[in-house]
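# Inside the fold
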Amino acid sequence: MLVTSNCRNVAGLLSAGFFRIPRFQRPYSWDRANVDEFWNDVIANNGEYFIGSMVVYGNGGTFGLVDGQQRVTTVTLFLSAIRNAFIDLSADKEAKGIQTMIERVDANGDTRFVLQAETSHPFLRARVQSMPGQAQASAPASPEERAIESAFELLSRKVGLSLSTIDADPAVPQGGKHQAKFDQLVDLRDKVLGLTVVLVEVDNEDDATMIFQTLNSRGKDLEVADLVKSHLLSHIKATNADLDQSRDRWNSIRQSFAESSVDISMNRFLLHSWLSRHEYTGEKELFKAIKSYVKSNNAQNFLDTLEHEAELYRQAQEPAVRDWKKPQVQVKYALGALNLFRMRQPLPMVLSLLRAYDHENIKLAHLIRAMQGLENYHFIATAITNQPSSGGVGRMYAAAARSLLNARTTDGRLRVINELLGKLRARLPTYAEFEASFLELRSSKTYASQTPLVKYVLIRFHAEQHKAGTPIDYSQMTVEHIAPQSYKKGGVRLGDVARIGNLVLVSQDINNELGDKTFIAKKPILARAHIEPEILAERKWTAREIEARGKRLAKLAFDQTWKF
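Residues numbered from 1 in each chain as written. Predicted model: local features only at pLDDT ≥ 70, side-chain atom pairs only at ≥ 80, totals over all residues. Heavy atoms only, no water.

## Description of the overall build of the protein
For the protein, the count of helices and strands is 26 helices and 10 strands. For 564 residues, the compact-globule estimate of 2.2 N^0.38 gives 24 Å, and the C-alpha radius of gyration of the protein, at 31 Å, exceeds that figure by more than 25%. A principal-axis box enclosing the C-alpha atoms of the protein has dimensions of 90 × 70 × 35 Å. Sequence separation of 24 or more characterises 73% of the internal contacts of the protein that already satisfy a separation of 6 or more. When the accessible surface of the protein is split by element, carbon and sulfur atoms take 50% of a total near 26500 Å². In the protein, 72 positive and 65 negative side-chain charges are present, and the distance between their average locations comes to 8 Å. (Helix = DSSP H or I, 4+ residues; strand = E, 2+ residues; numbered from the N terminus. Rg over C-alpha atoms; globule rule 2.2 N^0.38 Å. Contact = heavy atoms within 4.5 Å. Areas by Shrake-Rupley, 256 points an atom, 1.4 Å probe, with all protein chains shown as cover. Lys, Arg positive; Asp, Glu negative; His and termini not counted. Charge placed at Lys NZ, Arg CZ, Asp CG, Glu CD.)

Right under this line is the structure:
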């Protein structure tokens, strides 16, 4: 591998050639903090200011940009913002001068942009690189385009604010403000063009890919997903630069996750997908394992698998995106519960279960039993008793996921599910541990953080009690305090009023009718809502009755409702 390096300032760099961002590069991703830091670096530049290294490959005047894409893109955004400010000052000559760093004629006489991005090029060219009025940009359609627009608008505002201080400065005479703004822009332009980089040049794209996988950019460390994309696409060559289906399919996975209403990490997806199929590896070793596994002869199949698994992975964490049929809603509810508990460890097994069901390798009844087992275990062990998480549980789920995938018969797959549920039962806390934690469940205006979990608990109890009745829309049900939250009305302290033993689920109409009435006044209304007869039998409702009911509910939960 032939490597050369030398120091360049930005002016010399952008005048030396054209730079193409390769397909395996990650999208532009700088956020406000990164742009703010870069702005501060520029403002502090009173001479040569080093902003890091750049790695390029190729010759003939056009170079593939391997490391430094985030910085070069931001420099382009910065210069474009200064160019527009010159135009606003009617300094057209200086604006055209800056444009030569953004767009110029090549050796063949063709006008080209200095920075050429393969993923965001239509938006970047029209919105930023083109002179104002020369192109019409559509609204940003991808996370990368939104990041570009956000950074460009932020830099434009910062340039504008630096000029507005001149208007507000009484020391600058009114007749000299235009010249002062002009001088300010020239100084800002020169600071950007004077920034220094170390330019590292290698021979070819393969060498560049290798270097890419070992380097970090200034703004954000390379993530596992960036490295996997680089390695994967290096083994799936595009036949046409304008039709890169593999790159587009990878980007569509990221786009789907970005559009989700929940936070879905690409890195976590790659880890959980891998664990559901291959030997256990930690996140830090994931890229090494994938790199060792993915070769030219299986890269396309690996991408195919990721594309399908990504749909299931999003459904697992955002159940609403899947069209669940009526018999399947128990699976949807179980997934929703695991997400309420913020559980990530079971995801390799969840992925494997959904995959097996979609491939008709297990029946719906088996899927429901497995998913409800996961839900019930994590309700008791995680949501209530908050048992410490361990690597052993993660390894257990990963091993079960692989075993389910590799089982060749229905009996074999059922054996995997049964063995997993048996191991989960063996890890359950004691009833005494469960009861102590369950009695601490609270919900009120003051104790609001546990309200979603409390409502989940009350819904499960209510659904168990009314399973043979008319289907109920629980989104229209509310949590009601039997003893009112007002101490003057109920005589119960706020901490006890919020406890699970004082809470019931009622319709919004009943809730409005109950208001903050006393317990005695509430009893006939609660009777119409079919509340437990034990409550209606009480003559008073104090902290003692609240604790007693809480213990009854704890016993019911552990021995019946969440038993698996």
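Picking up after the structure, the text goes on.
## Re the packing of helix α9 (residues 224-234) against helix α11 (residues 266-275)
One way to put it is that α9 packs onto α11 with a least axis distance of 8 Å and a crossing angle of 65°. With respect to α11, the element α9 is oriented roughly perpendicular. Judged by residue contacts, Val224, Ala225 and Val228 of α9 engage Met266, Asn267 and Leu270 from α11. Each residue belonging to the contact of α9 with α11 can be placed in one class, and the counts come to five nonpolar, one polar and no charged. (Axes fitted to C-alpha atoms, helices over the stretch in contact; angles between N-to-C directions. Parallel < 35°, antiparallel > 145°, perpendicular 65-115°, else oblique. Nonpolar A, V, L, I, M, F, W, Y, C, P; charged D, E, K, R; others polar.)

## What to know about unusual backbone geometry
Its identity as a non-glycine residue notwithstanding, Glu360 has a phi of 65°, on the positive side. Among the structural elements, Glu360 can be located in the loop between α15 (347-358) and α16 (364-384). A relative accessible area of 72% places Glu360 in the exposed class. The backbone of His530 sits at a positive phi, close to 60°, despite the residue not being glycine. (Buried < 20%, exposed > 50% of the residue type's maximum accessible area, 1.4 Å probe, protein only.)

## Remarks on the side chain of Lys181
The topology assignment puts Lys181 in helix α7 (residues 177-193). Not counting chain neighbours up to four residues away, the residues in contact with Lys181 comprise Leu89, Leu163, Ile166 and Asp167.

## Regarding the confidence of the model for the protein
Here the protein shows a mean pLDDT of 89. Residues at 70 or above account for 93%. With pLDDT under 50 throughout, residues 216-221 is counted as low confidence; its partners more than four residues away or in other chains account for 20 contacts. (pLDDT = per-residue confidence, 0-100.)

## Observations regarding the environment of Gln560
Checked against the element boundaries, Gln560 lands in helix α26 (residues 543-561). Taking C-alpha positions, Gln560 is 18 Å from Ala337, a pair spaced 223 residues apart along the chain.

## Concerning the packing of aromatic side chains
Scanning all chains against the criterion turns up 21 aromatic pairs. Considering the side-chain rings of Trp274 and Tyr293, the 5.6 Å spacing of their centres and the 80° angle between planes classify their relative orientation as edge-to-face. Taken together, the residues Trp274 in helix α11 and Tyr293 in helix α12 (residues 286-293) connect sequence positions 19 residues apart. A network of ring pairs unites the aromatic residues Phe341, Phe379, Tyr431, Phe434, Phe438, Tyr456, Phe461, Phe558 and Trp562 as a single cluster. Taking NZ or CZ as reference, Lys555 lies 4.7 Å from the ring centre of Tyr431, over its face. (Phe/Tyr/Trp six-rings, centres within 6.5 Å; stacked < 30°, edge-to-face > 60°. Lys NZ or Arg CZ within 6 Å of the ring centre and 35° of its normal.)

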